[in-house]
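Listed here are the chains, written in short residue letters.
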Amino acid sequence: MSDPAGETKLEVKQASKEVKESENVAEKYSAMTVSKNSEMNIGELSPVFSAVPTHKPVKKQIQFVEEKQEFSRFPTKTGRRSLSRSISQSSTDSYSSAASYTDSSDDETSPRDKSQLNSKGSSDFCVKNIKQAEFGRREIEIAEQDMSALVSLRKRAHSEKPLAGAKIVGCTHITAQTAVLIETLVALGAQCRWTACNIYSTQNEVAAALAERGVSVFAWKGESEDDFWWCIDRCVTTEGWQPNMILDDGGDLTHWVYKKYSSVFKKIRGIVEESVTGVHRLYQLSKAGKLCVPAMNVNDSVTKQKFDNLYCCRESILDGLKRTTDVMFGGKQVVVCGYGEVGKGCSAALKALGAIVYVTEIDPICGLQACMDGFKVVKLNEVIRHVDVVITCTGNKNVVNRDQLDRMKNGSMVCNMGHSNTEIDVASLRTPELTWERVRPQVDHVIWPDGKRVILLAEGRLLNLSCSTVPTFVLSITATTQALALIELYNAPEGRYKQDVYLLPKKMDEYVASLHLATFDAHLTELTDEQAKYLGLNKNGPFKPNYYRYTSR
């Protein structure tokens, strides 16, 4: 008979020998490793795309903030890590140290205290780390692959240089997608200086890549309030350079130039604004007779509202929520405040995952749309005690107030998908009786005296761009619209646009859409002469009147 114990010892010995041999082989190889679509002449855009004023026929009477307050505030001088309340009503209303949101791999030294040079010897920028430029360049190259329409526009208009002489100062999210837009504007002849409209959405490596290419960028993820305004000021003021065009997202840049540099503001040839908050501010200025330059309202263009606001948010809301909380939404009760294009996208996405979705609305038409789409329209106070998630999508202020936050159940979550960070009354949560506990970057537990915890995401700022990313293709549509709006305003003959707010003409919307159809290998049907005559249309468009309202679903 064989000895089992002896066989076991032999097997162990042999296994041990094999492990050692494997280790030797691994060491050997480790030592050997060596480190290593539609045709259009861009020059003809100006006469073709004449816009019409919209603040009279397009009646947007949403009152987001008190009109007297909007342009009467100035930033105070605070420390770079100040916890005091920001005067901004859209981007910098913060109470916590921005340093805690910076990448853990980065040092905590403020970029303002660093001396950095790009490969060309220029120091006219302020980013987290210029050495990240190579990585950021790869991010931009990936984005370009899904922004073929914008890249196509860049190639078509490159020889014409329709923005030659334009000096554009921009304040947007600084991501790989907006970098493609910025580099397109430069390729079309513009000089650009750029800063971020949100203190948490900047991709540091992308900002570094832009700075390496010679774009004057002043932005990094996790800016303080003082940093935010300092960056805007550095973009506007530099020796020998004065902006003549503004591209804004939220209105903070326009507000700063209007209040602090009135002489510069009067010489601006045009403003392009893409957010609800910023457009509302422009209409306030226009109504008060203080808007002394023409402005384009990109936010209400079809290609922005029906694509960016709807389709982008339909996908990015889930990305932001999943990355920050890992929550499962099947069976969860969610209330979406606001059923505009953003609210529609968020509600559809959450419903598709099996969530029970409620909607709050002030507008009876949007409310009826929500009902017809299968959602229960309620007042927030009716459901606040038992819902699991509250999402704001209105652009208003104090949509969720302290009393409602007090009544939310333990473990519930609150976040914002509107541009303005005033929708959730975060200020009221900064009181001695409540404890704030950082769970992970941009995720906080707010703890009540009885132990109840409410999860607050991104301190009430824009969830998708603060906590995740957004679909590149949709941003290509918005970026192309912005580029064409800048070209139109810059090249328009004197007198075409008065000191007013204008909506992009239908022809421009259709052109932007046509540029993106090639991605899907889509083939449009062409009208016959007889059909065009019957409908009273030009065979080349526009195909819908300005008052036509495209359905959202």
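Residues numbered from 1 in each chain as written. Predicted model: local features only at pLDDT ≥ 70, side-chain atom pairs only at ≥ 80, totals over all residues. Heavy atoms only, no water.

The chain is annotated in an unreviewed UniProt entry as Adenosylhomocysteinase of Nothobranchius furzeri. Taken verbatim from the UniProt record of the chain, the Catalytic activity (unreviewed entry) comment is "S-adenosyl-L-homocysteine + H2O = L-homocysteine + adenosine". The Pathway (unreviewed entry) comment attached to the chain in UniProt states, word for word, "Amino-acid biosynthesis; L-homocysteine biosynthesis; L-homocysteine from S-adenosyl-L-homocysteine: step 1/1." (UniProt positions renumbered as here; feature names shortened; annotations may be inferred.)

**Q** In this structure, what is going on with the nonpolar core? I would like to understand it.
**A** A general tendency of soluble globular proteins is for nonpolar side chains to be buried together. Ranked by internal contacts, the top residues of the largest apolar core, which has 59 residues, are L163, I168, I174 and L185. Elements that contribute at least two residues to this core include exactly α4 (133–145), α5 (148–157), α6 (176–187), β3 (191–196), α7 (204–212), β5 (245–248), α18 (472–491) and α19 (506–517). A per-element tally of this core places α18 first, with 10 residues. With 33 residues, the next largest nonpolar core counts Y200, F218, W241 and I246 among its residues. (Core = buried A, V, L, I, M, F, W, Y, C linked by side-chain atoms within 4.5 Å. Buried < 20%, exposed > 50% of the residue type's maximum accessible area, 1.4 Å probe, protein only. Helix = DSSP H or I, 4+ residues; strand = E, 2+ residues; numbered from the N terminus.)

**Q** So what exactly am I meant to see when it comes to α18 here?
**A** Given 3.6 residues to a turn, an α-helix orients residues that are three or four positions apart in the same direction. Under the 1.5 Å per step criterion, the end-to-end length of α18 is 28 Å for 20 residues, consistent within 8% with the ideal 28 Å. Within α18, 19 of the 20 residues are buried, leaving the element largely enclosed by the surrounding structure. (Expected span 1.5 Å × (residues − 1).)

**Q** Explain the environment of L350 here, please?
**A** Of note, L350 is situated in helix α13 (residues 341–352). Distance in space between the C-alpha atoms of L350 and V336 is 9.7 Å, their sequence separation being 14 residues. The residues contacting L350, other than those within four sequence positions of it, are L318, L321, F329, V334, V336, A355, V357 and I391. (Contact = heavy atoms within 4.5 Å.)

**Q** Explain the sheet that holds strand β10 (residues 376–377) to me, please; I cannot follow it from the model alone.
**A** Picture the strands of a sheet paired through backbone hydrogen bonds; they go either parallel or antiparallel. The strand order across the open sheet formed by eight strands is β10-β9-β8-β11-β12-β15-β14-β13, and the pairing between neighbours is mixed. Single-partner strands in this sheet number two, and they are β10 and β13 (435–440). Of the strand pairs in this sheet, strand β9 (residues 356–360) and β10 are connected by two bridges, and their pairing is parallel. Residue pairing for β10: V359 is matched across the bridge by V377. (Pairing = 2+ DSSP bridges.)

**Q** Is there a simple way to think about the confidence of the model for the chain in this case?
**A** Atom-level detail of predicted coordinates should not be read off regions where pLDDT is low. Per-residue confidence for the chain gives a mean pLDDT of 83, with 80% of residues at or over 70. Note that pLDDT drops below 50 for residues 17–40; the model gives that stretch 16 contacts with residues more than four away or on any other chain. Confidence over residues 56–105 falls short of pLDDT 50; this stretch has 141 contacts with residues more than four positions distant or in other chains. (pLDDT = per-residue confidence, 0-100.)

**Q** Looking at this structure, how should I read the packing of α5 against α19?
**A** Helix-helix packing is characterised by the crossing angle of the two axes and by the distance between the axes. Contact geometry for α5 and α19: axes closest at 8 Å, N-to-C directions at 110°. Comparing the axis directions of α5 and α19 gives the class roughly perpendicular. The segment α5 lies against α19, with A149, L153 and R156 engaging Y511, L515 and H516. (Axes fitted to C-alpha atoms, helices over the stretch in contact; angles between N-to-C directions. Parallel < 35°, antiparallel > 145°, perpendicular 65-115°, else oblique.)

**Q** What should I look at first to understand the side chain of H516 in this one?
**A** When you line up the elements, H516 lands in helix α19. Among the residues examined, H516 registers a relative accessible area of 5% and is labelled buried. Reaching out from H516, the side chain makes a polar contact with the backbone oxygen of V512 at a distance of 2.8 Å. When residues no more than four places from it in sequence are discounted, the contact partners of H516 are A149, F473, S476, I477 and T480. (Polar contact = N/O pair within 3.5 Å; in protein donor to acceptor, adjacent residues only side chain to side chain.)

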